[in-house]
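# Summary of structural features
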Amino acid sequence: MAKFPFTLRVVMGNIILVRSPSELISVNLAGYGWERINMSSFANFEQLMTYVEIEGIDLGRKKNQISRFFHAKSGDIVVVPVSRAIVLGVVREGKTYQNDGGYGANRINVDYFKNENGEEIRIPRSKLSQGLESRLKIRMSIASLNEFSEEIEKYLSHLKDNDQVCFDSLFQQQKDNQVADFKESLLSRLRSGSTTLKSGGYGLEKLIKELMELEGYSAHIAAKNKTSDISDVDIEASRTDPVSSNRVFIQAKHHRGETSDWGIRQLAAIEDDEHVDKWLITTARVSTETLNLAQEKNVSVMDGEKLVDWIYDRINELSPSTKEQLGVGILPLVITA
């Protein structure tokens, strides 16, 4: 029987999506970035904003996300996306800060639902409603999920009654392990150049273009050396529907070890009359310093692990030639099930 170190409130507070580093779950924390700002040192949000203004820190469009994380209070529900699943927890009072914590530098205390072995109970995304599963794909690090309160409350009720069996089956655990092995192998091939993607970065650009098109964008690989300064874009994409319009500029880096901040600077140098989402997508790792610069310049970053997650999510929809180039033409049945 599972043991929970807290009593679940009858009336829930806010429900918050926190795209926290998964390793913090084991120590009952949820983390957010902004390493330059120690949120735990401020008594209120107004003081935090005054500090940001004095230091000249550009929050871009992230002010609301920072506010939502800062104001997380005891009893609020945290939803942390992990591979092919989500983990639920209840916020406990207190904030901390880790100066080398990268994307998890600022932290709140969260009591996660765990089994008798102390392992977090994962709710497979396949069990979620289409609306909630779709909402989890939002690129924001912190977002409100209050609109799904009825569904989340149902999951909490199962967990409170120790009914984690409906979530954590042995088959699901085996499937997760096999998926993790598949992703690790694919990432290794991408980084080592063991795939048959075209060299010089063009193969990666074509792959990302195809992924963007699967997401509903119209995308093309941009012409090289269009400007005389450092500004540069590898892939331009746009999507327009009756109620919204969105443009994306992407720098793609096919690297082995660690990607520098050059791609961030190339994107930051672009001036445009309308809003554009800017992304650095790389097969490599990205340092904390580069991630901090990306936050300052309002550039989103997708490292190799996140890129492989994206590829996996769309693996069955990729063209046969692309799957062949990636070396994933035949997948184990358990993965595609």
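Residues numbered from 1 in each chain as written. Predicted model: local features only at pLDDT ≥ 70, side-chain atom pairs only at ≥ 80, totals over all residues. Heavy atoms only, no water.

Okay, empty space enclosed by the protein next. One pass over the full model with this rule turns up 1 cavity of 30 Å³ or more. Here the largest cavity defines a volume of roughly 40 Å³. Lining the largest cavity are W34, E35, R36, I57, N292, Q295 and E296. Its residues assigned to classes, the lining of the largest cavity shows 2 nonpolar, 2 polar and 3 charged. (1 Å grid on protein atoms, 1.4 Å probe; cavity = no way out; pocket = protein on both sides within 12 Å on 5 of 7 lines; lining within 4 Å. Points joined across faces, edges and corners; volume = space filled by probe spheres on them. Nonpolar A, V, L, I, M, F, W, Y, C, P; charged D, E, K, R; others polar.)

A few words now on the packing of helix α6 (residues 202-214) against helix α9 (residues 304-313). Contact pair α6 / α9: the axes reach a minimum separation of 11 Å and the direction vectors enclose 50°. Here α6 is positioned oblique relative to α9, judged by the angle of their axes. Relative to α9, α6 is oriented so that their crossing is left-handed. Taken together, the residues of α9 that come into contact with α6 (itself represented by L204, L207, I208, L211 and M212) are L307, W310 and I311. (Axes fitted to C-alpha atoms, helices over the stretch in contact; angles between N-to-C directions. Helix = DSSP H or I, 4+ residues; strand = E, 2+ residues; numbered from the N terminus. Parallel < 35°, antiparallel > 145°, perpendicular 65-115°, else oblique. Left-handed = near helix turned anticlockwise from the far one by under 90°. Contact = heavy atoms within 4.5 Å.)

Quick look at the side chain of D234 now. Considering the arrangement of structural elements, one finds D234 in the loop between β8 (218-221) and β9 (235-241). A relative accessible area of 5% means that D234 is categorised as buried. Within polar-contact distance, the side chain of D234 engages the backbone nitrogen of A252 at 2.8 Å. (Buried < 20%, exposed > 50% of the residue type's maximum accessible area, 1.4 Å probe, protein only. Polar contact = N/O pair within 3.5 Å; in protein donor to acceptor, adjacent residues only side chain to side chain.)

Moving on, we get to the pattern of salt bridges. For the structure shown, the criterion picks out 11 salt bridges. Measuring nitrogen to oxygen at the nearest pair gives 3.1 Å for the salt bridge that ties D76 to K73. A salt bridge links E317 to R314, with the shortest nitrogen-to-oxygen separation between them at 2.9 Å. With relative accessibility at 15%, the residue R314 sits in the buried group. The network of salt bridges with common partners includes E215, R314 and E317. (Salt bridge = Lys/Arg side-chain N within 4 Å of Asp/Glu carboxyl O.)

Our next topic: the environment of E317. Locating E317 in the fold gives a position in the loop between α9 and α10 (320-326). Sequence spacing of E317 and L211 is 106 residues, and the spatial spacing of their C-alpha atoms is 9.0 Å. At 2.9 Å, the side chain of E317 forms a polar contact with the side chain of R314.

Before going further, it helps to spend a moment on the sheet that holds β8. An order of β8-β9-β10-β12-β14 is seen for the 5 strands of this open sheet, with the pairing classed as mixed. Edge strands, defined here as strands with exactly one partner in the open sheet, are β8 and β14 (299-302). Strand-to-strand, the axes of this sheet are offset by a mean angle of 20°, without reference to chain direction. One ladder, built from 4 bridges, connects strand β12 (residues 277-282) with β14; its direction is parallel. Each bridged residue has a counterpart across the sheet, and for I281 the counterpart in β14 is M302. Across the face of the sheet, α6 comes into contact with β8, β9, β10 (244-253) and β12 while running at roughly 170° to β8. Relative to the sheet, α9 contacts β12 and β14, its axis offset from that of β14 by approximately 75°. (Pairing = 2+ DSSP bridges.)

Let us now look at the packing of aromatic side chains. Tallying each qualifying case throughout the model produces 4 aromatic pairs. Geometrically, the ring pair formed by Y32 and F69 is tilted, given 5.4 Å between the ring centres and 55° between the ring planes. A residue pair is termed long-range when its members are at least 10 positions apart, and Y32 in strand β2 (residues 29-32) and F69 in helix α2 (residues 63-70) qualify at 37 residues. With relative accessibility at 4%, the residue Y32 sits in the buried group. For F69, a relative accessible area of 2% puts it in the buried group. Taking 5.8 Å as the distance between ring centres and 55° as the angle between the ring planes, the aromatic pair formed by F45 and F70 counts as tilted. Placement of the pair is F45 in helix α1 (residues 45-55) and F70 in helix α2, with a sequence separation of 25 residues. Neither residue differs from the other here; F45 and F70 are each classed as buried. Of note, K95 hangs over the ring of F70, and the distance from its end group to the ring centre comes to 4.6 Å. (Phe/Tyr/Trp six-rings, centres within 6.5 Å; stacked < 30°, edge-to-face > 60°. Lys NZ or Arg CZ within 6 Å of the ring centre and 35° of its normal.)

A rise of 1.5 Å per residue sets the reference length of α6, with its 13 residues, at 18 Å; its end C-alpha atoms lie 18 Å apart and thus fit the reference within 8%. Along α6, the positions that sit buried rather than exposed are G203, L204, E205, L207, I208, E210, L211 and M212. Buried positions along α6 lie against β8, β9, β10, β12, α9 and α10. Phi turns positive one or two residues past the end of α6, at G216, with a value near 95°. (Expected span 1.5 Å × (residues − 1).)

For the rest of this paragraph, the subject is the packing of α1 against α2. Between α1 and α2, whose axes approach to 11 Å, the crossing angle comes to 140°. When the axis of α1 is compared with that of α2, the two are oblique. For α1 against α2, the interelement crossing comes out right-handed. Note on element contacts: α2 touches α1 through K63, I66, S67 and F70, opposite F45, L48 and M49.

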